[in-house]
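# Descriptive structure summary
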Amino acid sequence: LFNTFPREEERFEPIEEGVVRMYTCGQTVYDDVHVGNARTYVYWDTLRRYLEWKGFQVFHVQNITDVGHLTDDADQGEDKVEAAAREQGLEPMALVERQLERYYRDMEELNVERHYVEPRATCHVPEMIGTVQDILDNGYGYVREGNVYFDVFEFDEDYGYADMANMDLDEIEARPRVEEDPLKRNQADFALWLEAPEEHIMQWDSQWSVGYPGWHLECTAMSQKYLGDTIDIHGGGKDHIFPHHPNERAQAVAATGQEFANYWLHAGFLTVEGEKMSKSEGNFYTAREVVEEFSGEALRMYYLSTHYRKDTDFSFEEMENAEAKLERVRNFLASVEDTDGGSETYPEGEIEGLKAEFEDAMDDDLNTPRALQSVMRFIKEANKSLDNDPEVLRKAAEIVRELCGVLGLELGRKEEVDGRVVDLLLRQRERLRDEGRFEEADEIRDELSELGIEVQDTDEGFCWIKKN
Ligand code: AMP
Ligand code: ZN
C-alpha cells in the first residue's frame with residue numbers, strides 16, 4: 001500500500017495478526033453524494049472486500065458528519081449542515097435525516113456495504129469533549145474565552161505535525177486566511193471547540209462554553225472509540241492530506257501519546273474539466289443522476305477501471321465503456337450457462353493463473369484496473385473455448401464471478417426477490433405436487449434456489465428463507 005505518511009509504498013502488516021482496523025472519512029450529509037465522494041467510498045469498500053477475501057477480519061468504520069464541518073477549512077464560515085438547512089427552511093436534523101436516507105440508497109446502488117460502525121458526529125460529542133480535555137491535560141491545547149485551540153507549534157516539536165503534507169509550519173502559518181483569529185496563539189493553530197453564537201442551532205454544554213466541536217475532532221474521537229488508540233489503515237480523499245488528516249492525527253497523538261494510524265491512504269480526485277468536483281464549486285454530478293442514466297454497477301466498474309490514487313476527469317464516454325465491459329462479463333457468464341460443451345479440455349491452469357494475476361495486481365497498492373484487465377483477458381480467451389468441457393467452463397465462470405465479487409460487482413446476483421412472488425410460486429408448486437406432477441414442482445424449487453431462495457418442506461407445510 002502506498003502510505004502517504006511517510007510517502008512510500010509499504011508492505012501491509014496489521015497490528016493484530018489476521019485483523020484489520022480501518023477508518024475512512026465519510027460523508028457530510030447536507031447534500032446528495034456526488035460522483036467524486038462515491039468514488040472514494042467505492043475504493044474503500046473494495047479494499048475491505050479484498051482484505052476479507054485474503055482472510056482478514058476487517059473492522060471498517062466510516063463516519064457520518066452531521067455537525068461541525070464548516071464551509072471553510074480554516075475554522076471559519078458556517079456549519080455546512082446548518083447553512084443548507086437554513087437555505088431550505090428545514091430543521092438541520094430534518095435535512096440530515098433526508099440526506100442520510102438518500103446517501104444509503106446511493107450506497108446500495110453502488111453495492112457499498114454498510115460499515116461495521118457508521119458513527120454520527122452528533123452522537124459522540126461527550127467523547128469529543130473527553131478528547132479535548134486529554135489534549136489540554138497533556139499540554140497541547142489552550143483555552144481562549146469559550147474556545148479551545150490546538151497548539152500546533154508545541155505539538156510539532158514533540159511529534160512533527162504536517163509531515164504528511166510535506167509542509168513546514170512557517171508555510172502553514174503564512175497561508176492566506178479570510179480573517180485572522182485574534183484568539184489564536186498562532187494562525188496555524190486549529191479549533192478543537194468553538195463557543196456557539198446564540199443563533200447557532202447546534203450547541204452542547206461543555207466545561208469551556210456552550211458550543212460545538214471542531215470538524216477534525218469527530219474522526220479522532222470516533223476512530224479511537226470504536227477501533228482503539230492506534231488503527232491499521234486510515235483513508236480519505238487526497239483533499240484530506242491537509243489539514244484534516246494531520247489535524248486528526250495531531251489530536252489523537254496529543255491525547256494518547258500513541259501513533260494514530262499505521263497506513264494513510266488517499267484517493268485521487270474525480271475532476272470536471274480538470275477541476276476538483278466539489279459541491280461548493282457547483283461543478284458536480286450526483287451519483288444518483290449517473291446511476292439513473294447507467295446503473296450503480298456500471299458506475300462501480302467505471303471507478304475500478306482507474307487506480308484509486310489517480311485523478312480522473314469524469315467522462316460519460318468512459319461510463320459507456322464501463323457498461324460495455326460489464327456486458328461482456330455478463331454475456332460470458334450467460335453463454336457458459338447455455339453451453340452444452342464439447343470434447344476439448346479447457347486449460348485449467350488458466351484459472352489458477354488468473355487468480356494469481358488478480359492477487360498480484362490487488363497486492364500492488366490495490367491496482368483494480370490491472371486486476372480487471374486480467375479478468376477481461378481471461379474472459380476473451382475463455383469465450384474462444386465455449387464448446388469445451390462444460391465442467392471446466394463452469395469453473396471458469398465461477399472464478400470470474402468470485403473475483404468480480406471481490407471487486408463488489410455482483411453481476412445481477414443481488415437482485416431482490418419479491419416475497420409475494422415467491423409465495424405465489426410456492427402455492428403453484430403445492431398445487432403441482434397435489435396433482436402428482438413432481439418433476440414440474442421440483443423445477444420451481446430448483447429455479448428458486450438459483451435466485452437464492454431455499455425452500456424447506458416440513459410436516460406443517462413449506463417455508464422458505466433467503467440463502468446467505
Ligand atoms: P465531504 O463530504 O466533503 O467531507 O467528502 C467526503 C469524502 O469524499 C472525503 O473522503 C473526501 O476526500 C472525498 N471527496 C470529496 N470530493 C472528492 C472528489 N472530487 N473526488 C474524490 N473524492 C472526493
Ligand atoms: Zn476524517
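Conventions used here
- Residues numbered from 1 in each chain as written.
- Chains lettered and ligands numbered in written order.
- Predicted model: local features only at pLDDT ≥ 70, side-chain atom pairs only at ≥ 80, totals over all residues.
- Heavy atoms only, no water.
- Helix = DSSP H or I, 4+ residues; strand = E, 2+ residues; numbered from the N terminus.
- Buried < 20%, exposed > 50% of the residue type's maximum accessible area, 1.4 Å probe, protein only.
- Areas by Shrake-Rupley, 256 points an atom, 1.4 Å probe, with all protein chains shown as cover.
- Lys, Arg positive; Asp, Glu negative; His and termini not counted.
- Charge placed at Lys NZ, Arg CZ, Asp CG, Glu CD.
- Pairing = 2+ DSSP bridges.
- Near = heavy atom within 4 Å.
- Polar contact = N/O pair within 3.5 Å; in protein donor to acceptor, adjacent residues only side chain to side chain.
- Nonpolar A, V, L, I, M, F, W, Y, C, P; charged D, E, K, R; others polar.
- Donors = N, O, S within 2.8 Å, 3.2 Å for Na, K, Ca; no water.
- Tetrahedral: all angles 85-135°; square planar, octahedral: opposite > 155°, others 65-115°.
- Patch = residues over 30% accessible without salt bridge, like charges linked within 9 Å, V, L, I, M, F, W, Y side chains within 5 Å.
- Salt bridge = Lys/Arg side-chain N within 4 Å of Asp/Glu carboxyl O.
- Right-handed = clockwise from strand over helix to strand, strands pointing away.

### Points about the overall build of the chain
Scanning the chain from N- to C-terminus turns up 16 helices and 17 strands. With respect to the three principal axes, the spread of C-alpha positions in the chain is 85 × 50 × 45 Å. Out of the 468 residues in the chain, the part that is buried amounts to 53%. Taken as a whole, the chain presents about 21900 Å² of accessible surface, with 43% of it coming from carbon and sulfur. When the 50 basic and 106 acidic side-chain charges of the chain are each reduced to a single mean position, those positions are 4 Å apart.

### A few points about the sheet that holds strand β14 (residues 275-276)
Taking strand neighbours across the sheet as the criterion, the three strands line up as β14-β13-β15 in an open arrangement whose pairing is mixed. Of all the strands in the sheet, the pair left with one neighbour each is β14 and β15 (312-313).

### Considerations on the site of ligand 1
Close to ligand 1 lie 19 residues, the nearest being T40, G237, D239, L270 and M277. In this structure, G237 approaches ligand 1 through a main-chain N or O atom, which is 3.0 Å from an oxygen atom. Separating a nitrogen atom of ligand 1 from a backbone N or O atom of L270 is a distance of 2.9 Å. A total of 490 Å² of accessible area belongs to ligand 1 in isolation, and the protein chains cover 94% of it. For the shell around ligand 1, the leading source of residues is helix α1 (residues 35-53), giving four residues. Considered class by class, the residues forming the shell around ligand 1 number five nonpolar, twelve polar and two charged.

### Quick notes on the coordination of the zinc ion (ligand 2)
Ligation of the zinc ion (ligand 2) by protein atoms is provided by C25 (SG), C219 (SG), H244 (NE2) and E248 (OE), these donors lying 2.0 to 2.2 Å from the ion. The site at the zinc ion (ligand 2) holds four donor atoms, and with the angles between them running 76 to 128 degrees, its shape is irregular. Between consecutive donors of the zinc ion (ligand 2), the numbers of intervening residues give the motif C-x193-C-x24-H-x3-E. Of this pair, H244 and E248 both sit in helix α8 (residues 244-256), four residues apart, roughly one helical turn. Across the pair, E248 and H244 agree in class, each one buried.

### So, a negative patch on the surface
A surface patch of like charges, here negative, comprises E108, E109, E289, E292, E293, E317, E318, E320 and E323. Among the elements of the structure, α3 (92-109), α9 (287-293) and α11 (316-338) are those that each provide at least two residues to the negative patch. Per element, the largest residue contribution to the negative patch is four residues, and it comes from α11. Relative to the elements of secondary structure, E323 occurs in helix α11.

### Structural notes on the pairing of strand β12 (residues 261-267)
Counting buried positions along β12 yields six of seven residues, so the element is predominantly enclosed. Where strand β11 (residues 231-237) meets β12, six bridges bridge the pair, whose relative direction is parallel. Bridge pairing in β12 links I231 to A261. A crossover links β11 with its parallel partner β12, the connecting element being α8, and its sense is right-handed.

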